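# Examining the three-dimensional arrangement
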Amino acid sequence: MEPKRVIVTYCDEHGNWANIADDLASRLPLRNLVWKPSNNRATRNIAMLDVELRRFAPESSKNLPPVTLLQNPYLNLYFVNCEDNETYKTTVRQQIREWIQLVTSKKNQEWLIVHVSNQEGARNATRFLKSSVLDRIKADFNTGKKDRVAQLKMADTELSEMELWADFTAKMKDGIVSSFDQNVLTFEEDIRRLDSQRQMPGWNYCTFFILKEGLTHAYEMMNLHEEALRQYDELEASFFQILRDNALTWYGKFGGMQEGDDDANLLDINRKPYRDLIMQNTISVFDFRTYLFGRQCNLLFRLRRPVEICHRALIFIPAFARTVREHVSNLTENFLESWIYSACMCIVNECDDTVPMSSDDPHMMVLLDGAKAELLQLARQQLDRLGIQHGRLPEELPFTMSVGFEDNNDQAHSEEVERKPMSKDLLEAVSTNETFDALYMSVSARAIKGFDGSGRHRSSLLLHGDVAALQFFRKKYAEAARILESITWRYGHNGWTVLENELVIKHAKCLRELGDTNKYAQACLTLLRNMNDLNQEDQLFYANELFGTAGSKDLKQELYHQFAPMFDIKVVSVVDILKDEDGSYLDIIIDNKLPKEIEFNKLSLRMVSGEVDELWFNIRHGTLKPGKNPLRVTCETSASGTYVLEKVHLKVGKLVFLYDFLQENKKRVFRVDSNPQALKASIKSPSVREAGHSNTFLVYVSSGKNHVAEATLSLFPASEGISLSLVPALTFTKESADGSGKVAAPGEISLENYDAVTLPAFGPNETLIIAVPYESMMELHEHFLKLVIQYLAPNARRHAFTLTTSIDTLLPLQVSHSVIWRDQSLNLKVDVTCTGLVPVRIMNVELRQPKSVKEFNQPPFVGETTLFPRQHASFVFKISRPADVQDLVSKTDFIISYQSLKEEVESALSAVINADLAKAELSQHALFVTAHLKNLLLKSVDYTAYGMSDELELPALDVRSCESAFAYHDAKVRNVLIGILKDLFSDKKRLDYDQIVELSSSNQVRQISFPIALPTTQMLVTVEITAEGQQELTVGTPATFQLSVQHSSYWNAIQEEEKSSDFYYDILVDYENWLLCGHKKRLFSAKPGTITTHAVSLVPLKTGPLHVPKIVITSGASSVYCQTAYVNEAEQVLIKPRTTTSTFFIDQQRGVHFTNSQVGR
């Protein structure tokens, strides 16, 4: 809707208009108007104003309501041409008065009398020294300070044409601006009055909108588009306020259901009679929002601000699309996709038409390209959705990334209309792959061009990847590979490894289809470079592909890659000489992070000295298993000097992996100590833990000298992988210290959440021990927790205690067990393994005897046992079946009492430091000093050596680290603290086991209970195989063995009727030692309590002691399960060689005769 022009009327009763009309029209539009608002707002300059001139009519100036004030004239002109004073007095003056009465009876209209004079009349008045008609008009009608009379001298040759019209145009502009200012005041007063009645019954937003839009149109007529835009923005804000108040009673249906609503031009404000619908209170929300946004965009186009249009569209379109989805259920098919697509495209196309008007601003063009590209990307996303829904695109990445709006079954409003198909253009686009691809590529190309023009190359990469994915889906592998090759490296450069992997996988598939081995190997290398973002299956697949290709003849050139992340290398020894040959060696560890065993051709390590000398340490033809691989590389060159470790080459086929050692790189702190007598808390792992049960940690809250009447505890995880379990109540124990010991009082604390747990009251020198359950989702050695305690002190002031600490979550010991079956008992073997990094001292082990077990034999635990990392200890228990089968239990508990050598040493040394600090009256520093002791000073302690020798050798004190740690303490305190540590870490100070135990006597013995399942079986089969009779076994001679199978239901936990069952025996023959004559596998039947025998014929193939082949018994029915006990599995039989005899006959006449006979024994 084009804005109306300012109306100016003219009254010409003296026939002057014909002479001046053309000259006046040539001076329009008016230029350089200045508006100084009466409401003290900033002055506005109006560069140009178009004016519509109309002949004056009494009805044209009648009073109109505020909404239609725009139809009123802003200025009324009266042209008079009279040079005779007498004629003026008798006729003209009265005519002017009557005209003024008509004009002034109207509201907010200015008037101006224009005296049109010629040069001759002015000279006559001057010649006779009498006042001119102009002077009389000014005297009669100028009231106040405002001059409402202008002179227009025609045919005055002494003045220029501009000077002739200057007075008239200046006063014409002042009159228009003055009338406009009065109209604005009138509008604003009416708007304020109507807005103040917002809460009153009967108030109507549509009326308010029409009134405020009238002011907007007034601004538009005056070309004050910025002010008009501000009015529409305020209308939009007030609409959202009404929307939040859910007061949309002035609107009809939500709308959006008329034909063409889904693909209409969003900027076409004349498509519907929107303003009439608003005035009639029948406009829908959909049409209202469309009209309001269209009006804003039209003003922005006049302001030459296309960038802001695009930015507003990027906010409006997605937001309003969600609103449409929330309020309308029976949309036309793919309505939202069609509407969003059409809205984005019409704005982009409209902005393209305005580019030439603003193309002289390069910065604006860059911003416009980026904004248009975002709209095109949003439109392209709708094509993704339509393509998936209509089968033109696969439902996979990256196309599924565009799926945003989900169906909402619970709609607030519903309209019963007939569903229509989506717009014709989009329906045609999705009809075939060709039409869809053409539209998809066109929109993507425009968006890519826009992102490239705005320098947003990352966004451009995403769209390139989408295009490549489309080509890949269409099996256009060559085109897809070309695009992917040009963009995939950019993803890696920007750190988008997940997206890079998705594209490289497609690229690799294209290259494999095209048979390009070199580029395919490079693609596999790229994927393995991002192996942390691949699953285990993909890692193994591409590792096999890569190293399979590395040895292929089709790979024409060597490929180079860095060690990381597939390999890591660590030097674990110094260079040492070889004992048996010239040269030297170096021990290294290569961590193979790939899930594949790799056979390499050569591993070389280079050391350099200066610029010339170098040494190569090599190992040829080796295998790298997954994980850490210790290797020894040797150098056959002997050269003395100082060398620098430079690089490593690992060659696998035509792949060369490189590592550069030269790239490796070889705090204001405050210390706050707390009063040792104040409330404090700590978090520890419980001393008694049960494997397989829920995890808990203990919170120790000590009151110190305080009587705590009110306290709340807050707990928060401070690291990932741990969560606090929500239970109805937390159990606690209250311990009070007195002269006789400690008295425990158990209780419960109700729990709603861990934000504020109310603690019970406790007195001075009392400690609350609270058990808190938790779950660990990640297998880490420690997790961090934050603790905050708010409490009320005796001085009626509230205090807080805050702590962030860690807890050990992994058990230092693991248990496995095995069973050795026997007829009347079983032997349970329990293996204990130290899984931690520090040795553990086993104080006692115990297998808790179930009451129903008939016989339970446990060997006595002799002394303490130290278990080192990855070391095993075995314990064997003999268990007999209970007298009553029905009482047979299936599990028991294996209990280990232990102490960590690290805790043992730390507790002992902490006790020494605490005692020394107490003597020096510096107990407030105990926590910090002991923490420094544990975290830094004891890092180099060899706990393995201590565990083996029961003697602890303290390392030398690092005085510099101590000075750095205590740098922010008082100088005297710092000297005392360092002195205490120096006394503890004196030269070659040693502590034996007895001293440490005495000092760490307060350290609790820890205990872990492991559940052990006691096995049962439905049938126990005892197998014995022996040689038949007293026969000698000779190599190559068949021998008969007797297989005896005894069946028993001794360990059957269910009492049932004994009946015959089918079994198989299977002979596992070692064909290097034996040959089998007869059946290898055979079916037989037996009842519990019976013994079956079977003859087995075997031929030994070797001499010496041999193990008889093992016999495996299996049940022939799935309902019967059995276990096997072997009587003589470890026995061997002696196989003798066959003997040979020879006879010699001596005959002196005929010589010697020889006969040979061979006898086997």
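Description of the structure in this document.

About the cut-offs
Residues numbered from 1 in each chain as written. Predicted model: local features only at pLDDT ≥ 70, side-chain atom pairs only at ≥ 80, totals over all residues. Heavy atoms only, no water. Helix = DSSP H or I, 4+ residues; strand = E, 2+ residues; numbered from the N terminus. Buried < 20%, exposed > 50% of the residue type's maximum accessible area, 1.4 Å probe, protein only. Areas by Shrake-Rupley, 256 points an atom, 1.4 Å probe, with all protein chains shown as cover. Core = buried A, V, L, I, M, F, W, Y, C linked by side-chain atoms within 4.5 Å. Contact = heavy atoms within 4.5 Å. Axes fitted to C-alpha atoms, helices over the stretch in contact; angles between N-to-C directions. Parallel < 35°, antiparallel > 145°, perpendicular 65-115°, else oblique. Left-handed = near helix turned anticlockwise from the far one by under 90°. Nonpolar A, V, L, I, M, F, W, Y, C, P; charged D, E, K, R; others polar. Expected span 1.5 Å × (residues − 1). Arc of directions from axis to C-beta.

### Brief notes about the overall build of the chain
Of the regular secondary structure elements, the chain holds 25 helices and 49 strands. Burial analysis of the chain (1161 residues in total) assigns 46% to the buried set. By element, 49% of the accessible surface of the chain is carried by carbon and sulfur atoms, the whole surface being about 60,600 Å².

### Concerning the nonpolar core
Of all hydrophobic cores here, the largest spans 126 residues; its most connected members are Phe-168, Ile-176, Phe-209, Ile-317, Trp-339 and Ile-347. Once residues lying within four places of it in the same chain are set aside, the contact partners of Trp-339 are Asp-261, Asp-262, Leu-266, Phe-286, Phe-316, Ile-317, Phe-320 and Ala-321. One finds Ile-505, Ala-521, Tyr-542 and Leu-650 within the second-largest nonpolar core, a separate group that totals 47 residues.

### Some details on the environment of Leu-229
On the secondary structure map, Leu-229 appears in helix 7 (residues 225–244). The buried category is assigned to Leu-229, whose relative accessible area is 2%. Linking Leu-229 and Cys-297, residues 68 residues apart in sequence, is a C-alpha distance of 9.0 Å. Among residues more than four places away in sequence, those in contact with Leu-229 are Gln-296, Leu-299, Leu-300, Leu-303, Arg-305, Glu-308 and Arg-312.

### Some remarks on the side chain of Ser-604
Topologically, Ser-604 is positioned in strand 12 (residues 598–609). With relative accessibility at 6%, the residue Ser-604 sits in the buried group. In this structure Ser-604 touches Trp-616, Phe-617, Asn-618, Lys-647, Val-648 and His-649, once residues within four positions along its chain are discounted.

### Here's the deal with the packing of helix 7 against helix 9 (residues 285–302)
The N-to-C vectors of helix 7 and helix 9 enclose an angle of 155°; their axes lie 9 Å apart at closest approach. Relative to helix 9, the element helix 7 lies roughly antiparallel. In the crossing of helix 7 with helix 9, the sense of the turn from one axis to the other is left-handed. For the pair helix 7 and helix 9, contact is made by His-225, Ala-228, Leu-229, Tyr-232, Asp-233, Glu-236, Phe-239 and Phe-240 and by Val-285, Phe-288, Arg-289, Tyr-291, Leu-292, Arg-295, Gln-296, Leu-299, Leu-300 and Arg-302, respectively. Residues belonging to the contact of helix 7 with helix 9 are distributed by class as follows: 11 nonpolar, 2 polar and 5 charged.

### Things to note about helix 24 (residues 971–984)
The terminal C-alpha atoms of helix 24 lie 20 Å apart, and with 14 residues this matches the ideal 20 Å at 1.5 Å per residue to within 8%. Of all the positions in helix 24, only Val-973, Leu-977, Ile-978, Ile-980, Leu-981 and Leu-984 are classed as buried. The arc that holds the buried residues of helix 24, viewed along the axis, is 150°, so those residues lie on one side. Residues of helix 24 that are exposed and point over 90 degrees away from its buried face: Lys-972, Asn-975 and Asp-983. At its buried positions, helix 24 is contacted by helix 20 (901–919), helix 21 (926–937) and helix 23 (959–965).

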